[in-house]
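What follows is each chain in one-letter form.
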Amino acid sequence: MIKINVNGIEREVDVPSDTPLLWVIREELGLVGTKFGCGVALCGACTVHIDGVAVRSCVTPASDAADKDLTTIEGVVGDDGALHSVQEAWIAENVPQCGYCQSGQIMSALAMLRERKGQVSDEDIDDVMSANICRCGTYPRIRKAIKRAAAAMIEGETP
């Protein structure tokens, strides 16, 4: 049994320790917002946070999340259960087209914004977000949304 705190709820899963975390999240826990993309940590669709750090769940063994805080896209919420400021920025900038990659995009952006306390440059965005693939090509809108969320963070909102 592996104990994982998932989106603030302590959970136990009975899986081999080397089971990819992605399959634990989707199949064992029923949280399907985290997507399978490439299976080799190249596209970013499966990005989640372990103790606040963005990781690719498709190549991360379930044992790496044992006794740690795991946050999936379902756990990203704002104050009083409202949308998170990053999600609001995504909507305001009309980022999603097909939407498949967006949970991973949001999780990567959120980790970057928290790590840099909202102080992000175009180079920072390029460096971090280039590891997330969007087949619809919404990169300019993703950049605008990240800048919008960064501005909200600097103005006092906490991502």
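## A few points about the pairing of strand 2 (residues 9-13)
Point 1. Bridge count for strand 1 (residues 2-6) against strand 2 is 5 bridges, and the pairing is antiparallel. Opposite asparagine 5, over in strand 2, you have glutamate 10 as the bridge partner.

## Some thoughts on empty space enclosed by the protein
Point 1. Across all of its chains, the model carries 1 cavity of 30 Å³ or more by this definition.
Point 2. Estimates place the volume of the largest cavity at around 30 Å³.
Point 3. Around the largest cavity, the lining residues are Lys35, Gly37, Cys38, Gly39, Ala41, Leu42, Cys43, Gly44, Ala45, Cys46 and Cys58.

## Considerations on the pattern of salt bridges
Point 1. In the structure shown here, the tally under the stated rule is 7 salt bridges.
Point 2. Between glutamate 12 and lysine 3 there is a salt bridge, and its shortest N-O distance comes to 3.9 Å.
Point 3. Classification of glutamate 12 by relative accessible area gives partly exposed; the value is 44%.
Point 4. Since its relative accessible area comes to 41%, lysine 3 is described here as partly exposed.
Point 5. With its nearest N and O atoms 2.4 Å apart, the salt bridge here joins arginine 143 to aspartate 126. One end of the pair, arginine 143, is in helix 5 (residues 139-154); the other, aspartate 126, is in helix 4 (residues 122-129), and 17 residues separate them in sequence.
Point 6. Residue classification places aspartate 126 among the partly exposed residues on the basis of a relative accessible area of 37%.
Point 7. The network of salt bridges with shared partners includes Asp122, Asp126, Arg143 and Lys147.

Here is what the cut-offs are and how they apply
Residues numbered from 1 in each chain as written. Predicted model: local features only at pLDDT ≥ 70, side-chain atom pairs only at ≥ 80, totals over all residues. Heavy atoms only, no water. Pairing = 2+ DSSP bridges. Helix = DSSP H or I, 4+ residues; strand = E, 2+ residues; numbered from the N terminus. 1 Å grid on protein atoms, 1.4 Å probe; cavity = no way out; pocket = protein on both sides within 12 Å on 5 of 7 lines; lining within 4 Å. Points joined across faces, edges and corners; volume = space filled by probe spheres on them. Salt bridge = Lys/Arg side-chain N within 4 Å of Asp/Glu carboxyl O. Buried < 20%, exposed > 50% of the residue type's maximum accessible area, 1.4 Å probe, protein only.

Structural measurements only, silent on function.
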